[in-house]
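Here is what each chain is made of, one letter per residue.
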Amino acid sequence: MTVTETTDLESLANRAAVDLEDASAHEILAWTHEAFGPAWCVTSSMEDAVVAHLASTVAPGVDVVFLDTGYHFPETIGTRDAVAAVYDVNVITVHPELTVVQQDAKYGARLHERDTDACCAMRKVAPLESALTNYRAWATGLRRDDSPARANTPVVSWDARRRKVKVAPIARWTQDDVDAYVLEHGVLTNPLLSDGYASIGCEPCTRRVAPGEDARAGRWAGSGKTECGIHQ
Ligand code: SF4
C-alpha cells in the first residue's frame, strides 16, 4: 500500500513489524519504498555501505543521510565520499548548528570529555531530527547482535518521538551475514574496520576493541554510555 496524509503510521508500523519479521532485507526495503515513495531515507554512519547498497537496489537514487559531527575520522569522510561516487544513492551530509570551533567557544573545549550526552545531543540528535523533517520513514543499519540494548530491535517500528516509521532491514542479520554480503557484493566498508575498530563513531569517543570484546565496547569506553541518543 502507499501511505497518504491520513494513513495511521503507528498502526501501519505495528502491523509491518509482525508481517515482515521473517522477511528478507530486500523485501523490507521494497515494502518501505512502495509505502513511502520519495518520503523515506537511509541514515548511515559510514561504517559500511550495506544498507545503502541494499536500498539502492530497490530504490535507485534514494536519499542517504550522513551526520557530519565534525569529529569523524578521515576514513569515515572518505567512505562517505566513496559511497556517493560509487552507488546510485543521493548522499546528504547534515551538519550540527555549531561548528566544533563555535561549540568550543560557547561550551569550552572537548565537551565530549565532560558531557557526552550534551555533545551528542547537539552534534547528532538535533541535526538528525532536523534532517528527518522531510521524511515519513527512515531506515537504519541497527542489528540485534550489535549489543544487548539492541537485542529486541524490530524490523519496523513506530518512532514515537519523531512520529515516523523506523525501519531496520538488517535487524536480524548477524556479523557473519554482514561479512558475507560485503564479500558477495564487494560493498564499500570503512577502512578502520580492518584496523581494530569494530564500531565506528566520532574519533574522540571511539577506540579499537580487543579480540572477544563486544563490538560496541569501543564506543564511549569507560563512561557507561552505550548509545548517542538517536536510537533511544
Ligand atoms: S560521539 Fe563524542 S564527539 Fe561525537 S557527538 Fe557524541 S560526545 Fe560528541
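Here we summarise the structure given alongside this text. (Residues numbered from 1 in each chain as written. Predicted model: local features only at pLDDT ≥ 70, side-chain atom pairs only at ≥ 80, totals over all residues. Heavy atoms only, no water.)

## Points about the overall build of the protein chain
- Broken down by element type, the protein chain carries eight helices and six strands.
- Taken from N to C terminus, the helices and strands of the protein chain fall in the order α-α-β-α-β-α-β-α-α-α-β-β-β-α.
- Principal-axis analysis of the C-alpha atoms places the extent of the protein chain at approximately 50 × 40 × 35 Å.
- Among the 232 residues that make up the protein chain, the fraction classed as buried is 50%.
- Excluding contacts between residues fewer than 6 apart, the proportion of contacts in the protein chain whose partners are at least 24 apart in sequence is 69%.
- By element, 51% of the accessible surface of the protein chain is carried by carbon and sulfur atoms, the whole surface being about 10,900 Å². (Helix = DSSP H or I, 4+ residues; strand = E, 2+ residues; numbered from the N terminus. Buried < 20%, exposed > 50% of the residue type's maximum accessible area, 1.4 Å probe, protein only. Contact = heavy atoms within 4.5 Å. Areas by Shrake-Rupley, 256 points an atom, 1.4 Å probe, with all protein chains shown as cover.)

## Here's the deal with the pattern of salt bridges
- Enumeration over the complete set of coordinates arrives at eleven salt bridges.
- Measuring nitrogen to oxygen at the nearest pair gives 3.4 Å for the salt bridge that ties glutamate 113 to arginine 110.
- Here glutamate 213 makes a salt bridge to arginine 207, at a shortest N to O gap of 3.0 Å.
- Each of Glu129, Asp159, Arg161 and Arg162 takes part in one network of salt bridges that share partners. (Salt bridge = Lys/Arg side-chain N within 4 Å of Asp/Glu carboxyl O.)

## Some words on the packing of helix α5 (residues 100-107) against helix α7 (residues 116-131)
- Orientation of α5 relative to α7, taken along the N-to-C sense of each, is 145°, at an axis distance of 13 Å. The crossing of α5 and α7 is right-handed. Where α5 abuts α7, its residues Val100, Gln103 and Tyr107 lie against Cys119, Met122 and Arg123.
- Grouping the constituent residues of the contact of α5 with α7 by class yields four nonpolar, one polar and one charged. (Axes fitted to C-alpha atoms, helices over the stretch in contact; angles between N-to-C directions. Left-handed = near helix turned anticlockwise from the far one by under 90°. Nonpolar A, V, L, I, M, F, W, Y, C, P; charged D, E, K, R; others polar.)

## Remarks on the pairing of strand β1 (residues 40-43)
- Burial along β1 is two-sided: Trp40 and Val42 facing one way and Cys41 and Thr43 facing the other are all buried.
- In this structure, β1 lies alongside strand β4 (residues 137-139), joined through three bridges in parallel fashion. The residue of β4 that forms the bridge with valine 42 is alanine 139.
- Summarising the sheet, β1 and strand β2 (residues 62-67) pair through three bridges and their orientation is parallel. Each residue of the ladder has a partner; that of threonine 43, found in β2, is valine 65.
- Since β1 and β2 lie parallel, the crossover through helix α3 (residues 50-58) that links them has a hand, and here it is right-handed. (Pairing = 2+ DSSP bridges. Right-handed = clockwise from strand over helix to strand, strands pointing away.)

## Points about the sheet that holds strand β5 (residues 156-159)
- Spatially, the six strands line up as an open sheet ordered β3-β2-β1-β4-β6-β5, and their pairing is mixed. Since the sheet does not close on itself, it has two edges, and those belong to β3 (89-94) and β5, each with one partner. For this sheet, the mean inter-axis angle between neighbouring strands, taken without regard to orientation, is 30°.
- Contacts between helix α1 (residues 9-19) and the sheet are confined to β5 and β6 (164-167), with β5 contributing the most and set at about 155° to the helix.
- Against the sheet, helix α2 (residues 25-36) contacts β1, β4, β5 and β6, and its axis sits at roughly 160° relative to β6.

## Focus: the packing of α3 against helix α8 (residues 175-185)
- Closest axis-to-axis distance for the α3/α8 pair is 11 Å, and the angle between their directions is 60°. When the interaxial angle is binned, α3 and α8 end up oblique. α8 is crossed by α3, and the crossing has left-handed handedness. Two secondary-structure elements touch here, α3 through Val50, His53 and Leu54 and α8 through Val178, Tyr181, Val182 and His185.
- Its residues assigned to classes, the contact of α3 with α8 shows five nonpolar, two polar and no charged. (Parallel < 35°, antiparallel > 145°, perpendicular 65-115°, else oblique.)

## Considerations on the environment of arginine 172
- Among the structural elements, arginine 172 can be located in the loop between β6 and α8.
- Its relative accessible area of 36% is what places arginine 172 among the partly exposed residues.
- Through-space distance from the C-alpha of arginine 172 to that of leucine 142 is 9.1 Å; in sequence the pair is 30 residues apart.
- Separated by 2.6 Å, the side chain of arginine 172 and the backbone oxygen of glutamate 21 make a polar contact.
- A distance of 2.8 Å separates the side chain of arginine 172 from the backbone oxygen of alanine 23, its partner in a polar contact. (Polar contact = N/O pair within 3.5 Å; in protein donor to acceptor, adjacent residues only side chain to side chain.)

Treat this as a map of the structure, not an account of what it does.
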